[in-house]
Amino acid sequence: MDDIDAMFSNLLGEMDLLTQSLGVETLPPESSSSTSKEVNFTMGFADMNVESLNELEENDFDALMADLMADLSATENKLVAELEEQKDAKVANPDLPAPPRELSSYVVPSLSTTTSPDTGLNTTYTPLADSHIPSFSPPQPPQHEKPSMEDVEAQIKSDKIKLALEKLKEAKVKKLVVKVVMNDGSSKTLMVDERQTVRDVLDNLFEKTHCDCNVDWSLSETNPELQLERGFEDHENLVDPLSAWTRDSENKVLFQERTEKYEVFKNPQNFYLWKKDKKTLKDMKDRDKELLVEENFCGPSIIVPDLEGVLYLREDNKKSWKPRLFLLRASGIYYVPKGKSKTRDLVCFVQFDNVNVYYGKEYKNKYKAPTDFCFVLKHPQIQKESQYIKYLCCDDSWMMTLWVTGIRIAKYGKSLYENYKTSMAKAQLTSAWNNRSTTTTSTPSTSSTITNAKASGKANGYAPQPPEEPVANIGIEPPPPPPLPPAQILPPHPTVKRSPSPNATTKKLPSLPTKYPPSQATIFNLPAPPLSQDDSSESPPDFLPPPPPLPDPGFLSLPPPVSFLPPPPDSDFPLPPPPPDPAFCPVTNRVPKPAPPPRQLYMGADVPAPPPPPPPSFTPTSSVIKTAPLPPKRTTPMQAAPPGGGDFMSELARAMAKKRANQ
Amino acid sequence: MAVWDLSVTLEDLGAEAPPITVSVTSDLHIGGVILKLVEKSQVRRDWSDHALWWEQKQQWLLRPSWTLEKCGIHADARLIFMPQHKALKLGLPNGLTIRVRACFSGSVFRTVLGICKMLSESRPQTELSLLRPVEEKKKKKDKDLSEEVYDLTDVPLTSVSRPCLYNGMPAHFADSPKTEKVYKMLSVPQPAPAPEAIAKLYRPASIVDKAHIHSRWLDSSRSLMQQGVQENDRLWLRFKYYCFHDMEPKYDAVRLTQLYEQARWAILLEDIDCTEEEMMLFGGLQYHINKLSLSEPQAMTSTPAMDDLDSALQCLEVKLDVGGSSPQDLLDNLTAPELNDYLKIFRPKRLTLKGYKQYWFKFKDDSISYYKSKEESLGEPIQQINLKGCEVAPDVNVAGQKFCIRLLIPAPEGMNEVYLRCENEEQYSRWMAACRLASKGKSLADTSFQSEIQSIRSFLAMQQTNPSTNSSQTDDNINTHSLVSPRYSKKYKTKQLAPKILDAYQNVAQLSLTDALLRFLQIWQALPDFGLSFVVVRFKGSRKDEVLGIAPNRLIRIDLGVGDVVKTWRYNNMRQWNVNWDIRQVAIEFDGNVNIAFCCVTADCKIVHEFIGGYIFMSTRSREQSDTLNEELFHKLTGGHEAL
């Protein structure tokens, strides 16, 4: 028991210290900080699961580091001062790491992947506490700790133990490092803990990409083996479905706009009155649409669209597809057996408790389906061909959208509507903000872009020596990632069928301006052409030269930053403070407001009245992945970003101030 | 002015008593007639509720200041002087009968409001109405013997708009133990009926039968007396409009319970179609609701305010608990309880007949591990099976002493089928409960573990007993056949039915009584045919009868033969509707110059008119103005020519 007490007190000391350091407002602008930070890093990593780190792709690593630094930057300055001393302390105190070990026994995730992290697989779970606590243990000065612990009464001690236990629980939270493939094929790596919903992650991505935050943005998963795709719902926990992936999975998480995500709330008549003629539906008044949504989603129970029709069912283990009359009810999908009446003899085909609904891709080829408009119902755990997967095929894409949406309504009910309202609120807030900032706008943004480009060059690993600004330094710490040869991203991968050719050309050209909507282009000073060339040659997308992030201009009018200070320590957001900024800016660039509609990607032309197709930018994704298979997710050995950011505005403001400082 | 004799029957003197004759002049007002009448009768009593009823014209003379001339009364008029409020037997949605004093002189709309005010503490609602009951074919005698009538005629009619609560019930119920019992009957769901009783009741066999039921609604703009309802007649009180405005479970115990009862009977009597899966879920919910309403009747009668306080206190306690517990407790919480036992496992594989093999099983958190023997349980398990997200099904034969748990465990390659065989009921209940919890991602530490075990046991017991020997119900043993409609009763034996209902029950077993009622209603309301009232009509220009379905938000035209929906019109596209009372035809105009017209075959067109007007009225009620009921508007929308 004494041992445990000691362990806890140590642990607690560390945590207290960490908390204190987070609270420090002012920063010592020491010039030496950059070097000591390096030390800090090596220290932090020393205790970590090294194998898993090694297998991180270099650019992943960079992105991840940038991410982590965002969290750490607040604390690091505090830590720096104590670093040298800590190193010694650590050597002298061999039992310090003990508590974390104890922790790890709680932490080991149920998945067995932890045992062999060096297999080079896509998924690696590492006990988190194992890594993150030790990484902070160095800063804990034993002399701080000892006197206080000796003096406290048993009561206080037990209180602290309790506190530690709570933190233990916290540490038990599973975290994954997820690689999210952007619309343009670039990718972002971020840490997701199991309490975070897809909504949280989306918000996080919004902040990182400075996209327009409209309600269509969604995260989705693809399963290349089964040729499936599914948009995650905003209320889902992201970690859960990802945990079902196999270790050698080639599944991906995509960040894209999916118009069908909330289409039912935008045009409910197309779903609830789908039998009516097209013209009536098109002329539907807004008031009537609202009424429909109200009727079906705001009552005591959610009303599922009244769907019935012939679908083709893939027979088990056979190659044939048999037509059957299917009906959707709130309780499941039913079919009418041959020669039986529709009202009384319905046979349950599937209920939704244990299955998710997926879009099937190119099943005409793969399974000889009558059409390519297929959807699939399966348990989320199932990742490979199996008799427990149910395949259905519709006549056209609209029927497919109807059914999939209907199933989602039946399965998720009210949450779907709640999600939509949340998304709307978010989108409105953002657009209001953007409008405001565009008015103040302008010229200085060019200069900031250039600076960013420079910074990104450094961050990319071209300048491994400690750069002059401590902040920019942070991103560079890990082994410099060799830039991928440009050729790798350029040609669309043959296996990807979606509109490959226009894509390749856009990719090759210095295409930044085209990715902005004309209106944006007139307002902003676009990055100079050389920059965009830079873009195409320096392939790791995360480090592409940044155009000004959308909200940028608004901040340029803010009072200039006082000095070249490292980020204020009070920022404990998951957001990257300035230093990693360069790394993220390019993404802004690539996911501008009018980004190519994602439905292009997986629905083809079937969406009613599709807007003129913007340059599709999806293809490179796969080619990047293929040439250098990147692990879509990993557990990092580092502390996860605190979920659910903080004040977005102030964060942005701070980021801008930093940027100015860097110039 | 000429004086003439007017003879008035005084009902209170009895039917045999001769009419009293008063001499009147044509300019005497009604009040004066009554005054003379009372003086002449020489009966001293409170006459304030009495009024004159004109028999030939079937109308009340309710305006004391109108003169006889103005009313058009001559010497040949047969008038009856009688109370406006009389006893009425009401068949409630829960199947029980209650005697109340109802107003026979006001419109049925007001009468219903008055009844509701007395029965329930909720704000005035218009969704209920009265209809004439379906004639019972059985002899009256045996019915009368068995039927218990709850008498509420002594309860004074309050004029208070919101009766205050006393002891969790409207004050007038708290007067005597007798009335308290009535309140309990109203606010607590009734136990499941015997399956034989369900089978005996009238069930609509076709859509036309269903349409006939709706021909029985009383006209809400005329009085009971005008519609030929006599004292002590029996009427049904039912939810007529499927639009339940402003339901607040805390304050609407009676309303919620009665609505549940109506929904339950609609399902049991196959008034609304549902699939087998839905029926089993309804069955599971009924089972749960029965159990709860038998075991905790107190919970229902506690006042809402107390509920709030209780929950707040509980919440606080929980918080304090967490705050005050010792570190050891917290540590304990981190280490969940386990189950350990020898069980037999069997994995069906293609072409193998390998039987069950015995291993030492350990259940911890949400996974099962098994070992060669107990001694080896400290080492590495042979296999560990995570049950989260898996499907659990019973494979039990009590008579054959077979207690197996069938698990379908999801894996990347598909679902793995695993059977666990337990030795006895006891073991089975525990492991089954654990598997069920784990499949939902809960651990054994979850509070529901014990209750889960309990319910599995009681369902096992259900399969043990022979239904024929056990038709009488005990408190905790409910015949599963009384939870489903006769269709499914016939289809399945008890042995087959019980596991199906248990399966559905598992998903709702954690709900509180109110939540279970609400869930039941939710599923009911999500049925595709929910809210449809049918009328057989003949569309203009059509040669055959068709069915008009009237829903809260739309009208649908249904093919009588096939039952398919032909066309749907939504109210919010409706421009106007008219009733030609002479040719009894309803004509409706929708946006886009869509005009329809039909005559009603099974019901009076006033009923259809009232349904449409009523639903449109409901849609005008918003949450904010819920306290004031715009009666005038309702009357305008539903009244027909009486309203003009």
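Everything numeric in this text was worked out from a predicted model, so none of it was measured.

1. Comments concerning the overall build of chain B
Part 1 of the argument: Scanning chain B from N- to C-terminus turns up 19 helices and 26 strands.
Part 2 of the argument: Put simply, of all contacts in chain B between residues at least 6 apart along the chain, 62% involve residues at least 24 apart.
Part 3 of the argument: Summed over all atoms, the accessible surface of chain B reaches about 30,400 Å², with 50% contributed by carbon and sulfur.

2. Brief notes about the pairing of strand β24 (residues 574-580) of chain B
On a regular strand, one side chain projects to one face of the sheet and the next to the other, so that they alternate.
Residue and element names in this part refer to chain B.
Part 1 of the argument: Pairing analysis gives 6 bridges linking β24 to strand β25 (residues 585-590), with the strands arranged antiparallel. Its bridge partner lying in β25, Trp577 is registered against Ile588.
Part 2 of the argument: Where β24 folds back on β25, the antiparallel hairpin that results is connected by 4 residues, among which Arg584 adopts a positive phi of roughly 50°.

3. So, the environment of Ile98 of chain B
Residue and element names in this part refer to chain B.
Part 1 of the argument: Here Ile98 shows up in strand β7 (residues 97-103).
Part 2 of the argument: Distance in space between the C-alpha atoms of Ile98 and Val182 is 8.6 Å, their sequence separation being 84 residues.
Part 3 of the argument: Setting aside chain neighbours within four positions, we find Ile98 in contact with Leu88, Lys89, Leu90, Leu92, Leu119, Val149, Tyr150, Leu152, Val182, Met185 and Leu186.

4. Topic: the sheet that holds β24 of chain B
Residue and element names in this part refer to chain B.
Part 1 of the argument: Read from one edge to the other, the open sheet built from 7 strands follows the order β23-β22-β21-β20-β26-β25-β24, with strand pairing classed as antiparallel. Pairing within the sheet leaves two strands with one partner each, and these edge strands are β23 (565-570) and β24. Adjacent strand axes in the sheet meet at a mean angle of 30° when their direction is disregarded.
Part 2 of the argument: Bridging between strand β20 (residues 533-539) and strand β26 (residues 594-600) involves 3 bridges; their strand directions are antiparallel. Looking at the pairing, Phe539 lines up with Phe598 of β26.

5. Topic: the state of the cysteines
Residues and elements named next belong to chain B.
Part 1 of the argument: Counting across every chain of the model gives 0 disulfides over all chains.
Part 2 of the argument: Cysteine Cys390 shares no disulfide, and the gap to the nearest cysteine sulfur, in Cys435, comes to 6.7 Å.
Part 3 of the argument: Taking the relative accessible area as the measure of exposure, Cys390 reaches 4% and is therefore buried.

6. A word on the side chain of Gln190 of chain B
Residues and elements named next belong to chain B.
Part 1 of the argument: Examined against the element boundaries, Gln190 turns out to sit in the loop between α5 (177-187) and α6 (195-200).
Part 2 of the argument: Given a relative accessible area of 17%, Gln190 falls into the buried group.
Part 3 of the argument: Those residues in contact with Gln190 that sit more than four places away from it in its chain are Asn94, Leu96, Met185, Glu261, Arg264 and Asn290.

7. Thoughts on the interface of chain A and chain B
Part 1 of the argument: Listed as interface residues are 42 residues of chain A and, on the opposing side, 36 residues of chain B.
Part 2 of the argument: A combined buried area of about 3,500 Å² lies between chain A and chain B, and 52% of that area is made up of carbon and sulfur atoms.
Part 3 of the argument: At the boundary of chain A and chain B, one finds 3 salt bridges.
Part 4 of the argument: Of the charged contacts in the structure, one is a salt bridge between Lys285 of chain A and Asp591 of chain B, with a shortest N-O distance of 3.8 Å.
Part 5 of the argument: There are 13 residue pairs in polar contact (both at pLDDT 80 or more) connecting chain A and chain B.

8. Some points on the sheet that holds strand β2 (residues 20-25) of chain B
Sheet strands associate in pairs through backbone hydrogen bonding, adopting either a parallel or an antiparallel arrangement.
All names here are of chain B.
Part 1 of the argument: A sheet is described by the order of its strands in space; here 5 strands give the open sequence β2-β1-β5-β3-β4, paired in mixed fashion. At either margin of the open sheet sits one strand with a lone partner, and together these are β2 and β4 (59-61). Going from strand to strand, the sheet's axes swing by 40° on average, the running direction of each strand aside.
Part 2 of the argument: Here strand β1 (residues 3-10) pairs with strand β5 (residues 79-83) via 3 bridges, running parallel. The residue of β5 that forms the bridge with Val8 is Leu79.

9. Some words on the packing of helix α8 (residues 253-268) of chain B against helix α17 (residues 513-526) of chain B
Packed helices, taken two at a time, are described by the angle between their axes plus the distance between the axes.
Residue and element names in this part refer to chain B.
Part 1 of the argument: Look at α8 against α17: their axes get within 10 Å of each other, and the N-to-C directions meet at 45°. Between α8 and α17, the crossing angle belongs to the class labelled oblique. Helix-helix and strand crossings are classified by hand; for α8 and α17 the assignment is left-handed. The segment α8 lies against α17, with Leu256, Leu259, Tyr260, Ala263, Arg264, Ala266 and Ile267 engaging Thr514, Leu517, Leu518, Phe520, Leu521 and Trp524.
Part 2 of the argument: A class-by-class count of the residues in the contact of α8 with α17 yields 11 nonpolar, 1 polar and 1 charged.

10. Comments concerning unusual backbone geometry
Residues and elements named next belong to chain B.
Part 1 of the argument: A positive phi is found at Gln401, a non-glycine position, where the angle reads about 55°.
Part 2 of the argument: By secondary structure assignment, the location of Gln401 is in the loop between β17 (391-397) and β18 (402-411).
Part 3 of the argument: Of note in the backbone geometry, Arg584 takes a positive phi value of approximately 50° without being a glycine.
Part 4 of the argument: Examined against the element boundaries, Arg584 turns out to sit in the loop between β24 and β25.

11. Overview of α17 of chain B
Since one α-helical turn is 3.6 residues long, residues separated by three or four positions face the same way.
Part 1 of the argument: Across its 14 residues, α17 of chain B extends 20 Å between first and last C-alpha, which sits within 8% of the 20 Å expected from 1.5 Å per residue.
Part 2 of the argument: Where α17 of chain B is concerned, the buried positions are Leu513, Ala516, Leu517, Phe520, Leu521, Ile523, Trp524, Gln525 and Ala526 of chain B.

12. Comments concerning the nonpolar core
Part 1 of the argument: Judged by nonpolar contacts, the single largest core of 119 residues is most densely connected at Ile98, Trp524, Leu555, Ile588 and Phe598 of chain B.
Part 2 of the argument: No other element matches the 9 residues that helix α18 (residues 605-620) of chain B contributes to this core.
Part 3 of the argument: Setting aside anything within four residues of it in sequence, one finds Trp524 of chain B in contact with Tyr242, Phe244, Leu259, Ala263, Ala266, Ile267, Ile272, Phe282 and Phe530 of chain B.
Part 4 of the argument: If you look at the next biggest cluster of nonpolar residues, it comprises 45 residues, including Met284, Cys394, Val404 and Ala410 of chain A.

13. Points about the pairing of strand β12 (residues 390-393) of chain A
Residues and elements named next belong to chain A.
Part 1 of the argument: Across 2 bridges, strand β6 (residues 308-314) lies against β12 in antiparallel orientation. Looking at the pairing, Tyr312 lines up with Cys393 of β12.
Part 2 of the argument: Two strands pair when backbone bridges link them, and strand β11 (residues 374-378) and β12 are joined in this way by 4 bridges, in the antiparallel orientation. If you follow Leu377 over to β12, its bridge partner there is Lys390.

14. Quick notes on the side chain of Ser220 of chain A
Residues and elements named next belong to chain A.
Part 1 of the argument: For Ser220, the location among the structural elements is in strand β3 (residues 217-223).
Part 2 of the argument: The class for Ser220 is buried, based on a relative accessible area of 0%.
Part 3 of the argument: Within the local environment of Ser220, its side chain forms a polar contact with the side chain of Gln256, the two groups lying 3.2 Å apart.
Part 4 of the argument: With residues near it in sequence (within four places) discarded, Ser220 still touches Glu229, Arg230, Gly231, Phe232, Lys252, Val253, Leu254, Gln256 and Arg258.

15. Observations concerning the packing of aromatic side chains
Part 1 of the argument: Summed over the entire model, instances satisfying the criterion amount to 46 aromatic pairs over all chains.
Part 2 of the argument: Ring geometry for Tyr241 of chain B against Tyr615 of chain B: centres 5.3 Å apart, planes inclined by 85°, an arrangement best described as edge-to-face. Taken as a pair, Tyr241 of chain B in the loop between β12 (234-239) and α8 and Tyr615 of chain B in helix α18 lie far apart in primary sequence, 374 residues in all. We note that Tyr241 of chain B, like Tyr615 of chain B, is buried.
Part 3 of the argument: These aromatic residues form a ring-pair network of at least three members: Tyr262, Phe265, Tyr272, Phe297, Tyr417 and Tyr420 of chain A.

Thresholds applied
Residues numbered from 1 in each chain as written. Chains lettered and ligands numbered in written order. Predicted model: local features only at pLDDT ≥ 70, side-chain atom pairs only at ≥ 80, totals over all residues. Heavy atoms only, no water. Helix = DSSP H or I, 4+ residues; strand = E, 2+ residues; numbered from the N terminus. Contact = heavy atoms within 4.5 Å. Areas by Shrake-Rupley, 256 points an atom, 1.4 Å probe, with all protein chains shown as cover. Pairing = 2+ DSSP bridges. Axes fitted to C-alpha atoms, helices over the stretch in contact; angles between N-to-C directions. Disulfide = S-S within 2.5 Å. Buried < 20%, exposed > 50% of the residue type's maximum accessible area, 1.4 Å probe, protein only. Buried area = accessible area lost by both parts, 1.4 Å probe. Salt bridge = Lys/Arg side-chain N within 4 Å of Asp/Glu carboxyl O. Polar contact = N/O pair within 3.5 Å; in protein donor to acceptor, adjacent residues only side chain to side chain. Parallel < 35°, antiparallel > 145°, perpendicular 65-115°, else oblique. Left-handed = near helix turned anticlockwise from the far one by under 90°. Nonpolar A, V, L, I, M, F, W, Y, C, P; charged D, E, K, R; others polar. Expected span 1.5 Å × (residues − 1). Core = buried A, V, L, I, M, F, W, Y, C linked by side-chain atoms within 4.5 Å. Phe/Tyr/Trp six-rings, centres within 6.5 Å; stacked < 30°, edge-to-face > 60°.

Keep in mind these numbers describe shape, not what the thing actually does.
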